[in-house]
Amino acid sequence: DTEVTQTPKHLVMGMTNKKSLKCEQHMGHRAMYWYKQKAKKPPELMFVYSYEKLSINESVPSRFSPECPNSSLLNLHLHALQPEDSALYLCASSHPLGGAGDEQYFGPGTRLTVT
Amino acid sequence: AQSVSQHNHHVILSEAASLELGCNYSYGGTVNLFWYVQYPGQHLQLLLKYFSGDPLVKGIKGFEAEFIKSKFSFNLRKPSVQWSDTAEYFCAVNAPEGNNDMRFGAGTRLTVKP
(Lines give C-alpha, C1' and ligand atoms only; values in the text may rest on other atoms or scores of the structure.)
Protein backbone atom coordinates (compact mmCIF):
# COMPACT_ATOMS: atom_id res chain seq x y z
CA ASP A 1 0.00 0.00 0.00
CA THR A 2 1.73 3.17 -1.19
CA GLU A 3 -1.17 5.46 -0.61
CA VAL A 4 -1.69 8.53 1.49
CA THR A 5 -5.36 9.25 2.04
CA GLN A 6 -6.89 12.57 2.99
CA THR A 7 -10.36 13.51 4.13
CA PRO A 8 -12.42 15.39 3.30
CA LYS A 9 -11.76 16.01 -0.39
CA HIS A 10 -13.48 19.37 -0.26
CA LEU A 11 -14.30 21.62 2.68
CA VAL A 12 -16.12 24.92 2.82
CA MET A 13 -16.04 26.71 6.13
CA GLY A 14 -16.86 30.09 7.57
CA MET A 15 -14.36 32.24 9.36
CA THR A 16 -15.78 31.34 12.77
CA ASN A 17 -15.93 27.59 12.21
CA LYS A 18 -13.68 24.92 13.66
CA LYS A 19 -12.86 22.00 11.37
CA SER A 20 -10.18 19.34 10.99
CA LEU A 21 -8.37 17.80 8.06
CA LYS A 22 -7.26 14.22 8.33
CA CYS A 23 -4.43 12.28 6.73
CA GLU A 24 -3.58 8.60 6.99
CA GLN A 25 -0.83 6.33 5.69
CA HIS A 26 0.02 2.68 6.29
CA MET A 27 3.47 2.52 4.74
CA GLY A 28 5.29 2.53 8.06
CA HIS A 29 6.59 6.01 7.41
CA ARG A 30 7.57 7.91 10.53
CA ALA A 31 7.67 11.40 9.00
CA MET A 32 4.52 13.21 7.98
CA TYR A 33 4.02 16.65 6.50
CA TRP A 34 1.43 19.33 5.85
CA TYR A 35 1.78 21.58 2.82
CA LYS A 36 -0.33 24.41 1.51
CA GLN A 37 -0.65 24.83 -2.24
CA LYS A 38 -2.25 27.84 -3.89
CA ALA A 39 -3.33 27.66 -7.52
CA LYS A 40 -0.44 27.51 -9.99
CA LYS A 41 2.09 27.64 -7.14
CA PRO A 42 4.39 25.02 -5.60
CA PRO A 43 3.57 23.33 -2.32
CA GLU A 44 4.70 25.34 0.70
CA LEU A 45 5.81 23.39 3.73
CA MET A 46 3.80 24.09 6.88
CA PHE A 47 4.66 21.40 9.41
CA VAL A 48 6.83 18.31 9.72
CA TYR A 49 6.36 15.52 12.23
CA SER A 50 9.10 13.00 12.81
CA TYR A 51 8.37 10.04 15.07
CA GLU A 52 5.14 11.75 16.08
CA LYS A 53 6.96 14.84 17.31
CA LEU A 54 6.71 18.23 15.66
CA SER A 55 10.10 18.95 14.13
CA ILE A 56 9.36 21.87 11.83
CA ASN A 57 6.82 24.66 12.07
CA GLU A 58 7.35 27.08 9.21
CA SER A 59 6.02 30.09 11.12
CA VAL A 60 2.46 29.05 10.45
CA PRO A 61 -0.25 31.14 12.16
CA SER A 62 -1.75 29.60 15.28
CA ARG A 63 -5.14 29.28 13.60
CA PHE A 64 -3.60 26.12 12.08
CA SER A 65 -2.90 23.49 14.72
CA PRO A 66 -1.34 20.15 13.73
CA GLU A 67 -1.66 16.95 15.66
CA CYS A 68 -0.06 13.54 15.18
CA PRO A 69 -1.97 11.08 17.40
CA ASN A 70 -0.03 8.05 16.16
CA SER A 71 2.44 6.99 13.49
CA SER A 72 -0.27 6.55 10.84
CA LEU A 73 -2.40 9.61 11.38
CA LEU A 74 -1.93 13.33 10.98
CA ASN A 75 -4.55 15.97 11.63
CA LEU A 76 -4.71 19.67 10.92
CA HIS A 77 -7.13 21.57 13.13
CA LEU A 78 -8.50 24.78 11.70
CA HIS A 79 -10.03 27.65 13.62
CA ALA A 80 -10.86 31.25 12.76
CA LEU A 81 -9.42 31.01 9.27
CA GLN A 82 -9.25 33.86 6.80
CA PRO A 83 -10.36 33.83 3.14
CA GLU A 84 -6.70 33.94 2.08
CA ASP A 85 -6.26 30.54 3.72
CA SER A 86 -8.30 29.01 0.93
CA ALA A 87 -5.99 26.55 -0.83
CA LEU A 88 -5.25 22.89 -1.46
CA TYR A 89 -3.84 21.31 1.70
CA LEU A 90 -1.55 18.40 0.99
CA CYS A 91 -0.38 15.71 3.33
CA ALA A 92 2.75 13.68 2.63
CA SER A 93 4.76 10.98 4.34
CA SER A 94 8.26 9.58 4.10
CA HIS A 95 10.88 7.72 6.04
CA PRO A 96 11.87 10.00 8.89
CA LEU A 97 15.43 10.92 8.21
CA GLY A 98 17.14 11.98 5.05
CA GLY A 99 19.41 9.42 3.50
CA ALA A 100 18.81 7.11 0.61
CA GLY A 101 16.59 9.37 -1.42
CA ASP A 102 13.61 9.55 0.83
CA GLU A 103 10.92 10.77 -1.45
CA GLN A 104 7.65 11.99 -0.04
CA TYR A 105 4.40 10.33 -0.97
CA PHE A 106 1.60 12.81 -1.38
CA GLY A 107 -2.09 12.50 -0.77
CA PRO A 108 -4.68 13.96 -3.14
CA GLY A 109 -5.25 16.96 -0.90
CA THR A 110 -8.20 18.72 0.69
CA ARG A 111 -9.55 21.67 -1.27
CA LEU A 112 -10.40 24.24 1.41
CA THR A 113 -12.56 27.29 0.79
CA VAL A 114 -12.99 29.84 3.56
CA THR A 115 -16.01 32.07 3.17
CA ALA B 1 18.58 26.25 3.92
CA GLN B 2 18.31 24.82 0.47
CA SER B 3 16.39 26.51 -2.34
CA VAL B 4 15.38 25.60 -5.87
CA SER B 5 14.84 27.65 -9.00
CA GLN B 6 13.10 26.58 -12.16
CA HIS B 7 13.76 28.87 -15.08
CA ASN B 8 10.86 28.04 -17.34
CA HIS B 9 7.42 29.01 -16.10
CA HIS B 10 5.46 27.77 -19.10
CA VAL B 11 6.70 25.58 -21.92
CA ILE B 12 4.59 24.80 -24.98
CA LEU B 13 5.64 21.98 -27.27
CA SER B 14 4.18 19.95 -30.07
CA GLU B 15 3.93 16.19 -29.74
CA ALA B 16 7.18 14.35 -30.49
CA ALA B 17 9.28 17.39 -29.62
CA SER B 18 12.12 16.97 -27.16
CA LEU B 19 11.84 18.42 -23.69
CA GLU B 20 14.34 19.85 -21.27
CA LEU B 21 13.23 21.63 -18.09
CA GLY B 22 15.84 23.45 -16.08
CA CYS B 23 16.35 23.15 -12.34
CA ASN B 24 19.08 24.68 -10.21
CA TYR B 25 19.45 24.37 -6.49
CA SER B 26 21.33 26.27 -3.86
CA TYR B 27 22.83 24.32 -0.98
CA GLY B 28 26.36 23.74 0.12
CA GLY B 29 26.07 20.16 1.24
CA THR B 30 24.88 16.81 0.00
CA VAL B 31 21.41 16.86 -1.48
CA ASN B 32 18.66 14.55 -2.61
CA LEU B 33 16.98 15.78 -5.78
CA PHE B 34 13.52 15.00 -7.09
CA TRP B 35 11.19 15.74 -9.94
CA TYR B 36 7.49 15.55 -9.20
CA VAL B 37 4.64 15.86 -11.69
CA GLN B 38 1.12 17.08 -11.06
CA TYR B 39 -1.34 16.19 -13.81
CA PRO B 40 -4.46 18.34 -14.02
CA GLY B 41 -6.72 17.53 -11.08
CA GLN B 42 -4.39 14.88 -9.73
CA HIS B 43 -1.97 14.68 -6.83
CA LEU B 44 1.77 15.03 -6.91
CA GLN B 45 3.60 11.97 -8.18
CA LEU B 46 7.30 11.22 -8.15
CA LEU B 47 8.87 11.06 -11.62
CA LEU B 48 12.42 10.32 -10.54
CA LYS B 49 14.98 11.00 -7.87
CA TYR B 50 18.72 11.25 -7.39
CA PHE B 51 20.53 10.58 -4.13
CA SER B 52 23.86 9.02 -5.09
CA GLY B 53 25.62 7.02 -7.76
CA ASP B 54 25.04 7.45 -11.49
CA PRO B 55 24.19 11.11 -12.07
CA LEU B 56 21.92 10.19 -14.96
CA VAL B 57 18.72 8.84 -13.50
CA LYS B 58 15.80 7.35 -15.34
CA GLY B 59 12.26 7.68 -14.14
CA ILE B 60 8.79 6.70 -15.16
CA LYS B 61 7.14 7.48 -18.49
CA GLY B 62 10.43 7.90 -20.35
CA PHE B 63 11.72 10.82 -18.30
CA GLU B 64 15.33 11.16 -17.22
CA ALA B 65 17.37 13.76 -15.39
CA GLU B 66 21.03 14.51 -15.05
CA PHE B 67 22.67 15.74 -11.87
CA ILE B 68 25.60 18.04 -12.64
CA LYS B 69 27.17 18.85 -9.31
CA SER B 70 29.47 21.55 -10.63
CA LYS B 71 26.48 23.43 -12.02
CA PHE B 72 24.12 22.69 -9.12
CA SER B 73 21.67 21.51 -11.73
CA PHE B 74 19.20 18.67 -12.15
CA ASN B 75 17.52 19.16 -15.51
CA LEU B 76 14.64 16.98 -16.63
CA ARG B 77 14.56 15.59 -20.14
CA LYS B 78 12.35 13.53 -22.40
CA PRO B 79 13.25 12.81 -26.02
CA SER B 80 9.71 12.82 -27.37
CA VAL B 81 6.76 14.29 -25.47
CA GLN B 82 3.16 13.20 -25.72
CA TRP B 83 -0.07 15.10 -25.25
CA SER B 84 -0.55 13.18 -21.99
CA ASP B 85 2.61 14.80 -20.57
CA THR B 86 0.71 18.06 -20.19
CA ALA B 87 1.13 18.82 -16.49
CA GLU B 88 2.92 20.93 -13.91
CA TYR B 89 6.47 19.78 -13.13
CA PHE B 90 8.18 20.56 -9.85
CA CYS B 91 11.84 20.16 -8.99
CA ALA B 92 12.52 19.61 -5.29
CA VAL B 93 15.50 19.21 -3.00
CA ASN B 94 16.16 18.08 0.52
CA ALA B 95 19.30 17.57 2.51
CA PRO B 96 20.04 14.07 3.83
CA GLU B 97 21.60 15.48 6.97
CA GLY B 98 18.74 17.88 7.40
CA ASN B 99 15.36 17.73 8.95
CA ASN B 100 13.12 16.45 6.17
CA ASP B 101 12.75 19.97 4.86
CA MET B 102 11.74 19.46 1.22
CA ARG B 103 11.87 22.62 -0.87
CA PHE B 104 10.06 22.90 -4.17
CA GLY B 105 10.80 25.06 -7.16
CA ALA B 106 8.10 27.34 -8.52
CA GLY B 107 7.10 24.74 -11.09
CA THR B 108 7.02 24.61 -14.88
CA ARG B 109 3.75 24.23 -16.68
CA LEU B 110 4.15 22.03 -19.75
CA THR B 111 1.53 22.17 -22.48
CA VAL B 112 1.85 19.62 -25.27
CA LYS B 113 -0.19 20.36 -28.37
CA PRO B 114 -1.53 17.32 -30.22
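Going by the structure above, here's the rest.
Residues numbered from 1 in each chain as written. Chains lettered and ligands numbered in written order. Predicted model: local features only at pLDDT ≥ 70, side-chain atom pairs only at ≥ 80, totals over all residues. Heavy atoms only, no water.

Draft legend 1. Structural detail: the packing of aromatic side chains. In total, this model carries 13 aromatic pairs over all chains according to the counting rule given. Their ring planes at 35 degrees and their centres at 6.2 Å tell us that Phe34(B) and Tyr36(B) sit as a pair that is tilted. By relative accessible area, which is 0% here, Phe34(B) ends up buried. We classify Tyr36(B) as buried; its relative accessible area is 1%. Among the aromatic side chains, those forming a connected cluster through ring pairs are Tyr33(A), Tyr35(A), Phe106(A), Phe34(B), Tyr36(B), Phe90(B) and Phe104(B). (Phe/Tyr/Trp six-rings, centres within 6.5 Å; stacked < 30°, edge-to-face > 60°. Buried < 20%, exposed > 50% of the residue type's maximum accessible area, 1.4 Å probe, protein only.)

Draft legend 2. Up close: the pattern of salt bridges. Following the criterion strictly, the structure yields eight salt bridges over all chains and no others. Residue Arg103(B) is joined to Glu58(A) by a salt bridge in which the shortest nitrogen-to-oxygen separation is 2.9 Å. One end of the pair, Arg103(B), is in strand S11 (residues 103-104); the other, Glu58(A), is in the loop between strand S6 (53-57) and strand S7 (64-70), on a second chain. A relative accessible area of 23% places Arg103(B) in the partly exposed class. One network of salt bridges, with partners in common, ties together Lys58(B), Glu64(B), Glu66(B) and Arg77(B). (Salt bridge = Lys/Arg side-chain N within 4 Å of Asp/Glu carboxyl O. Helix = DSSP H or I, 4+ residues; strand = E, 2+ residues; numbered from the N terminus.)

Draft legend 3. View of the nonpolar core. By size, the foremost hydrophobic cluster in this structure holds 28 residues, and its most contacted members are Trp35(B), Leu48(B), Phe74(B), Leu76(B) and Tyr89(B). Among the elements of the structure, strand S2 (10-14), strand S3 (19-21), strand S5 (32-38), strand S6 (45-50), strand S8 (64-68), strand S9 (73-78), strand S10 (87-94) and strand S12 (108-113) of chain B are those that each provide at least two residues to this core. In terms of residue count, the dominant contributor to this core is S10(B) (four residues). Sequence-distant contacts of Tyr89(B), defined by excluding residues within four places in its chain, comprise Gln6(B), Leu21(B), Trp35(B), Tyr36(B), Val37(B), Leu47(B), Phe63(B), Leu76(B), Gly107(B), Thr108(B) and Leu110(B). Leu11(A), Met13(A), Trp34(A) and Cys68(A) belong to the second-largest nonpolar core, a separate cluster that totals 23 residues. (Core = buried A, V, L, I, M, F, W, Y, C linked by side-chain atoms within 4.5 Å. Contact = heavy atoms within 4.5 Å.)

Draft legend 4. Seen up close, the state of the cysteines. Considering all chains together, one arrives at two disulfides over all chains under this definition. Covalently, Cys23(A) is tied to Cys91(A) through a disulfide, its sulfur atoms 1.8 Å apart. Negative torsions about the S-S bond denote left-handed disulfides, and the value of about -70 degrees found for Cys23(A) with Cys91(A) makes this one left-handed. Note that Cys23(A) is positioned in strand S3 (residues 18-25) and Cys91(A) in strand S9 (residues 87-94), a separation of 68 residues in sequence. Overall, the relative accessible area of 0% leaves Cys91(A) in the buried class. For Cys23(B), the disulfide goes to Cys91(B), at an S-S distance of 1.9 Å. Given an S-S torsion of about -65 degrees, the disulfide between Cys23(B) and Cys91(B) has left-handed geometry. Highlighted residues: Cys23(B) in the loop between S3 and strand S4 (24-26) and Cys91(B) in strand S10, separated in sequence by 68 residues. Assessed through its relative accessible area of 0%, Cys23(B) is described here as buried. (Disulfide = S-S within 2.5 Å.)

Draft legend 5. Inspection of the interface of chain B and chain A at higher detail. Contacts between chain B and chain A engage 20 residues on the former and 27 residues on the latter. The partner of Lys49(B) in a salt bridge is Glu103(A), with the nearest N and O atoms 2.6 Å apart. Our enumeration of links across chain B and chain A arrives at four residue pairs in polar contact (both at pLDDT 80 or more). Listed by contribution, the elements that provide at least two residues to the side of chain B that touches chain A are S5, S6, S10 and S11 of chain B. The element contributing the most residues to the side of chain B that touches chain A is S5(B), with four residues. (Polar contact = N/O pair within 3.5 Å; in protein donor to acceptor, adjacent residues only side chain to side chain.)

Draft legend 6. Seen up close, the side chain of Asn75(B). By secondary structure assignment, the location of Asn75(B) is in strand S9. Among all residues touching Asn75(B), those that are not within four sequence positions of it are Glu20(B), Leu21(B), Gly22(B), Cys23(B), Trp35(B), Glu64(B), Ala65(B) and Glu66(B).

Draft legend 7. The arrangement of the sheet that holds S7(A) in detail. Residues and elements named next belong to chain A. If you trace the four strands from one edge of the open sheet to the other, you get S1-S3-S8-S7, paired in antiparallel fashion. The strands lining the two open edges of the sheet, one partner per strand, are strand S1 (4-7) and S7. On average, each strand axis in the sheet is tilted by 20 degrees relative to the strand beside it, whichever way the strands run. Sheet analysis places S3 next to strand S8 (residues 73-79), joined by seven bridges and oriented antiparallel. Bridging across to S8, lysine 22 finds its partner in asparagine 75. (Pairing = 2+ DSSP bridges. Axes fitted to C-alpha atoms, helices over the stretch in contact; angles between N-to-C directions.)

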